[in-house]
Amino acid sequence: QVQLVESGGGLVQAGDSLRLSCAASGRTFSNYAMGWFRQAPGKEREFVATISRGGGTTALAEFGKGRFTISRDNAKNTVYLQMNSLKPEDTAVYYCAAADSMSDYSRLYDYWGQGTQVTVSS
């Protein structure tokens, strides 16, 4: 079983930055593409970013382009989401997940973390 643990969320003001981390257990981290999703209260879970097994290919939701960066360090079994210029509409629980290949479809991901809360005040 792959266990994923997110960290780095918190309460910030509009314009601030956060870096979320997701640490994976075991020795199989490099076998998985990774993704970030978010869910605000009363809304559907939405795709944020995904990265290939080796980190050479990434994809971002349109709202994250120019502000968010996904990266991974396979030696540390960790994937990151750097979020700059945060806006109140970024407020959500952010989840990391592992899949066989890159996707923006949440149902293709096999393992999920518990989520970390990001709150952006205006």
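Before reading on, note that the structure itself is shown above.
No experiment lies behind these values; they were computed from the predicted model shown. (Residues numbered from 1 in each chain as written. Predicted model: local features only at pLDDT ≥ 70, side-chain atom pairs only at ≥ 80, totals over all residues. Heavy atoms only, no water.)

*Asks:* Requested: an account of the pairing of strand E7 (residues 68-73), with residues and values cited.
*Replies:* Side chains Phe68, Ile70 and Arg72 of E7 all project onto a buried face; the interleaved residues Thr69, Ser71 and Asp73 project onto a face where none is buried. In this structure, E7 lies alongside strand E8 (residues 78-83), joined through six bridges in antiparallel fashion. Pairing of Asp73 across the sheet is with Thr78, part of E8. The hairpin formed by E7 and E8 contains four residues between the paired strands, and Asn77 there has a positive phi angle of roughly 55°. (Buried < 20%, exposed > 50% of the residue type's maximum accessible area, 1.4 Å probe, protein only. Helix = DSSP H or I, 4+ residues; strand = E, 2+ residues; numbered from the N terminus. Pairing = 2+ DSSP bridges.)

*Asks:* Any chance you could break down the packing of aromatic side chains for me, citing the residues and the numbers?
*Replies:* In the structure shown here, the tally under the stated rule is seven aromatic pairs. Consider the rings of Phe63 and Phe68, whose centres lie 6.3 Å apart with planes at 85°: the pair is edge-to-face. By relative accessible area, which is 27% here, Phe63 ends up partly exposed. Through successive ring pairs, a cluster of aromatic residues spans Phe37, Phe47, Tyr95, Tyr109 and Trp112. (Phe/Tyr/Trp six-rings, centres within 6.5 Å; stacked < 30°, edge-to-face > 60°.)

*Asks:* Any details on the pattern of salt bridges? Residues and values, ideally.
*Replies:* Side chains that differ in sign of charge can pair as their charged atoms come close. Considering all chains together, one arrives at four salt bridges under this definition. A salt bridge links Arg38 to Glu46, with the nearest nitrogen and oxygen atoms 2.7 Å apart. Across the pair Asp90 and Arg38 runs a salt bridge, and its minimum N-O distance is 2.9 Å. Here Asp90, found in the loop between E8 and strand E9 (92-99), pairs with Arg38, found in strand E4 (residues 33-39); they are 52 residues apart in sequence, far enough to count as distant. The class of Asp90 is buried, set by a relative accessible area of 1%. (Salt bridge = Lys/Arg side-chain N within 4 Å of Asp/Glu carboxyl O.)

*Asks:* Requested: an account of the nonpolar core, with residues and values cited.
*Replies:* Within the largest apolar cluster, 26 residues are counted, with the highest numbers of intra-cluster contacts made by Leu4, Met34, Trp36, Val79, Leu81, Met83 and Tyr94. Excluding residues within four positions of it along the chain, Met83 makes contact with Asp16, Ser17, Leu18, Leu20, Arg67, Phe68, Tyr94 and Val118. Formed by six residues, the second largest nonpolar core is a distinct cluster that contains Phe37, Phe47, Ala61 and Ala99. (Core = buried A, V, L, I, M, F, W, Y, C linked by side-chain atoms within 4.5 Å. Contact = heavy atoms within 4.5 Å.)

*Asks:* Explain the state of the cysteines to me, using residue names and the numbers behind them.
*Replies:* Overall, the coordinates contain one disulfide when judged by the stated rule. Put simply, Cys22 and Cys96 are joined by a disulfide, and their sulfur atoms are 1.9 Å apart. Its S-S torsion of approximately 50° makes the covalent link between Cys22 and Cys96 right-handed. Within this pair, whereas Cys22 is found in strand E3 (residues 18-24), its partner Cys96 is found in strand E9, the two being separated by 74 residues in sequence. Here the two residues Cys22 and Cys96 agree in accessibility, since each one is buried. (Disulfide = S-S within 2.5 Å.)

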